[in-house]
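Observations on the model geometry
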Amino acid sequence: MCKIFFSCCLDGCTIADQPDFDVGSDAEALYNAMKGFGSDKEAILDLITSRSNAQRQKIRAAYKSQYGKDLIDDLKYELTGKFERLIVGLMRTPAYHDAKEIKDAIKGAGTDEKCLIEILASRTNEQIHNLVAAYKDAYGRDLEEDGTREEDDVVSEDLVEQDAQDLYDAGEAQWGTDEAKFIMLLGNRSVTHLQLVFDEYEKIAEKSIEDSIKSELSGDFERLMLAVVQCIRSKPMFFAKCLYKSMKGLGTADNTLIRIMVSRSETDMLDIRECFRLRYEKSLYNMIQDDTSGEYKRTLLKLCGGDDDIAGEFFPEAAQIAYKMWETSSMTKVQLRGTVRPYQNFDPASDAKSLRKAMKGFGTDEDTIIDIVTQRSNAQRQEIRRIFKSLLGRDLMADLKSELSKNLERLILGLMMSPAEFDAKMMKKAMEGAGTDEHSLIEILVTRSNQEIQEMCAAYKNAYKKSLEDAIASETSGKFKRILISLAQGAREEGPADMARALEDAQVNACNSESDDMEDKFMSILCTRSFPHLRRVFQEFVRCSNKDIEQIIKKEMSGDFKNAMFAIVRSVKNQPSYFADRLYKAMKGLGTDDRALIRIMVSRSEIDLFNIRKEFKETHEASLHEFIQVEMLVVSCVFLLIHTACICACVTLVRSDEKRVV
């Protein structure tokens, strides 16, 4: 029987009152940790991170009473850097901590708009009122209140549809945007009411409120409205995104990291952790561990409270979010869009002649080749190949291969192949030579439709005189071989979800998650059911087990078989997001996986590359275009450095020879 988890309510904090709390003893322990030469940082962090904020305020008062000194002043004197900021932040009350963050965000040259948006968009009415009072008390200045929102349980049912229509009329339905209407509705209606409004809005506009805000607003106002919407959808998910952005890439936004870890540790840190894992497939604990060091890291990890990579079950709100995400995924009809479309006024003979001219004589006009090939659809490129042969008596592919080199050659030739030829070539490359590129095999077989797989198998047989199934069988083994061969049949069911069967599939998976035949059952369902059906299965799996299907795969499976199963789930959930992640991994760090980059850019350019670009920017806060540009610049710089080093080495050798001659 399915578990009912939506009615349960656990405390989502990682810091709670310490049992047997002795305020005098704690004040003495802190005093002893700071007296004399140096300070006992471990004692300080262990004590402060194991007491609630209310208990810390009592310790601060007792410290003043016993020693006549201000505890925060002593901590500032004894500690330094990020560790000091973190410990002092924990010692302030939530209202005074927020007031300090607001003050720091607006003082000096420039304003930290992200900090202001995060705090003002995520706090309750009471928290905002306390913040305003604390700001006035601490700095002697007024902080203007940002509206008064209805309490969370207030729902005006008769206004839900009207509010949704008003938001639509204020943006999508007119030229220009009525920003005041957005402010009034998003700033005053209750969270519960607005959640219903957003659902109604999507029916009217046929797009999410987030997409409308992105298209209708701009700058800081756009970011503020998006933050408000994200907090209304789910504060834990909003903070999970903020934490991820604070640590990804080079460097860490320590102010953001400290602010969130301090302010949410007694509120909803458990839910933030689960939302973090749900969205980014890694634990917040591990990301902090990799990105920070010393006592600063130890304190943050204490506030985090545990490593979710060893867990598999959801906390209440995270479970609801997971269920809602799968529900949205199963109901949303995403319009897939490529970035390459058929060229208007297409003249294959003219294109064939231009390509021939670009390759005649000394040197090659690469710009002309790139412009023609990237601005024609694949069907048009095949027509150019035929005309090139009939008109000029030459093989266009052979000419391009002889005139181009390295990655440009591989990219242009890939674009000139039919999709089936290209996929067959990529499968062949993944299996030839020493070692097998398992990730390429998984990516191609998981993401192609039945028709695309069948056409690829035919192209493989035609090009290499061997069936793709036989090639896979000879290059792989065990359960990984079985899942690849199963996918290579191109026999996945098609059509909508069968609700009764989806529930049955979910219950089978939930009940057998620890049995010996669990992997076989998983494989059978994941390899044969339609994607719409699987979305419902994964949704019901959350309801039945209160577990995360992706985490179960991570925990219970291993090796390439686990990677394949995981890729299926990711692709079912959001295929453009899966490809965006693959592109990011191809370019991050030192060196670029050019084969993966070329494979995805070529194969998705006419299908869903526009959607992939959108997902890439949503997750990594940089456009795919910018990422590729930076990556190519880094590669150029590396080649320049190598070239310079070689020249320096040659000069050194020459000078050494000259000295020996002298």
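Residues numbered from 1 in each chain as written. Predicted model: local features only at pLDDT ≥ 70, side-chain atom pairs only at ≥ 80, totals over all residues. Heavy atoms only, no water.

The name recorded for the protein chain in an unreviewed UniProt entry is Annexin, from Cyprinus carpio. Looking at the protein chain in UniProt, the text filed under Function (unreviewed entry) is "May associate with CD21. May regulate the release of Ca(2+) from intracellular stores." The UniProt entry for the protein chain carries the following text under Sequence similarities (unreviewed entry): "Belongs to the annexin family." (UniProt positions renumbered as here; feature names shortened; annotations may be inferred.)

1. Digging into empty space enclosed by the protein
One pass over the structure, following the stated rule, counts one cavity of 30 Å³ or more. The calculated volume of the largest cavity comes to roughly 40 Å³. Around the largest cavity, the lining residues are Arg277, Leu278, Glu281, Asp548, Glu550, Gln551, Lys554 and Phe566. Put simply, the parts of the chain that give the lining of the largest cavity at least two residues each are α16 (269-280) and α33 (549-556). (1 Å grid on protein atoms, 1.4 Å probe; cavity = no way out; pocket = protein on both sides within 12 Å on 5 of 7 lines; lining within 4 Å. Points joined across faces, edges and corners; volume = space filled by probe spheres on them. Helix = DSSP H or I, 4+ residues; strand = E, 2+ residues; numbered from the N terminus.)

2. With respect to the packing of aromatic side chains
Under the defined criterion, the tally for this structure stands at 13 aromatic pairs. Residues Tyr63 and Tyr67 carry aromatic rings whose centres are separated by 5.4 Å and whose planes lie at 55° to one another, so their mutual orientation is tilted. You can see Tyr63 and its partner Tyr67 sitting in helix α3 (residues 53-67), four residues apart, about one turn around the helix. The ring of Tyr139 carries the charged tip of Lys103 above its face, separated from the ring centre by 5.3 Å. A cation over an aromatic ring shows up here: Arg337 above the ring of Phe610, its NZ or CZ 3.8 Å from the ring centre. (Phe/Tyr/Trp six-rings, centres within 6.5 Å; stacked < 30°, edge-to-face > 60°. Lys NZ or Arg CZ within 6 Å of the ring centre and 35° of its normal.)

3. What to know about unusual backbone geometry
Not every positive phi belongs to a glycine, and Asp20 is a case in point at roughly 55°. Checked against the element boundaries, Asp20 lands in the segment before α1 (23-34). Despite not being glycine, Asn345 shows a phi value in the positive range, around 55°. Considering the arrangement of structural elements, one finds Asn345 in the loop between α19 (316-331) and α20 (348-359). We classify Asn345 as exposed; its relative accessible area is 76%. (Buried < 20%, exposed > 50% of the residue type's maximum accessible area, 1.4 Å probe, protein only.)

4. Overview of a negative patch on the surface
A surface patch of like charges, here negative, comprises Asp365, Glu366, Asp367 and Asp371. Positionally, Asp367 belongs in helix α21 (residues 366-374). (Patch = residues over 30% accessible without salt bridge, like charges linked within 9 Å, V, L, I, M, F, W, Y side chains within 5 Å. Areas by Shrake-Rupley, 256 points an atom, 1.4 Å probe, with all protein chains shown as cover. Salt bridge = Lys/Arg side-chain N within 4 Å of Asp/Glu carboxyl O. Lys, Arg positive; Asp, Glu negative; His and termini not counted. Charge placed at Lys NZ, Arg CZ, Asp CG, Glu CD.)

5. Things to note about the nonpolar core
Residues Leu75, Met261, Met427 and Ile483 are the most contacted members of the largest nonpolar core, which totals 162 residues. Apart from the residues lying within four places of it in its own chain, the contact partners of Met261 are Leu243, Met269, Leu284, Ile288, Leu300, Leu303 and Cys304. Counting residues in hydrophobic clusters, the runner-up holds 13 residues, among them Ala105, Cys115, Ile119 and Tyr135. (Core = buried A, V, L, I, M, F, W, Y, C linked by side-chain atoms within 4.5 Å. Contact = heavy atoms within 4.5 Å.)

6. Points about the environment of Lys466
Among the structural elements, Lys466 can be located in the loop between α27 (450-464) and α28 (468-475). Ignoring sequence-local partners within four residues, the contact set of Lys466 consists of Tyr460, Lys461, Ala471 and Ser474. A polar contact is formed between the side chain of Lys466 and the side chain of Ser474, at a distance of 3.5 Å. (Polar contact = N/O pair within 3.5 Å; in protein donor to acceptor, adjacent residues only side chain to side chain.)

7. Describing the packing of helix α25 (residues 419-431) against helix α36 (residues 594-604)
Direction vectors running N to C along α25 and α36 enclose 165°, while the axes themselves pass 11 Å from each other. Considered as vectors, α25 and α36 are oriented roughly antiparallel to each other. For the crossing formed where α25 meets α36, the hand is left-handed. Where α25 approaches α36, its residues Phe422, Met426 and Lys429 are matched on the opposing element by Arg595, Ile598, Arg599, Val602 and Ser603. (Axes fitted to C-alpha atoms, helices over the stretch in contact; angles between N-to-C directions. Parallel < 35°, antiparallel > 145°, perpendicular 65-115°, else oblique. Left-handed = near helix turned anticlockwise from the far one by under 90°.)

8. Considering the pattern of salt bridges
Under the counting rule described, the total for this entry stands at 38 salt bridges. A salt bridge links Arg298 to Asp46; the nearest nitrogen and oxygen atoms lie 3.2 Å apart. A residue pair is termed long-range when its members are at least 10 positions apart, and Arg298 in helix α18 (residues 294-304) and Asp46 in helix α2 (residues 41-48) qualify at 252 residues. When its relative accessible area of 30% is taken as the criterion, Arg298 is described as partly exposed. A network of salt bridges, in which partner residues are shared, links Glu42, Asp46, Arg298 and Lys302.

9. Section: α28
Buried within α28 we find Leu468, Ala471 and Ile472. Projected onto a plane normal to the axis of α28, the buried residues spread over an arc of 95° and lie on a single side. Residues of α28 that are buried make contact with α25, α26 (438-447), α27 and α29 (478-488). (Arc of directions from axis to C-beta.)

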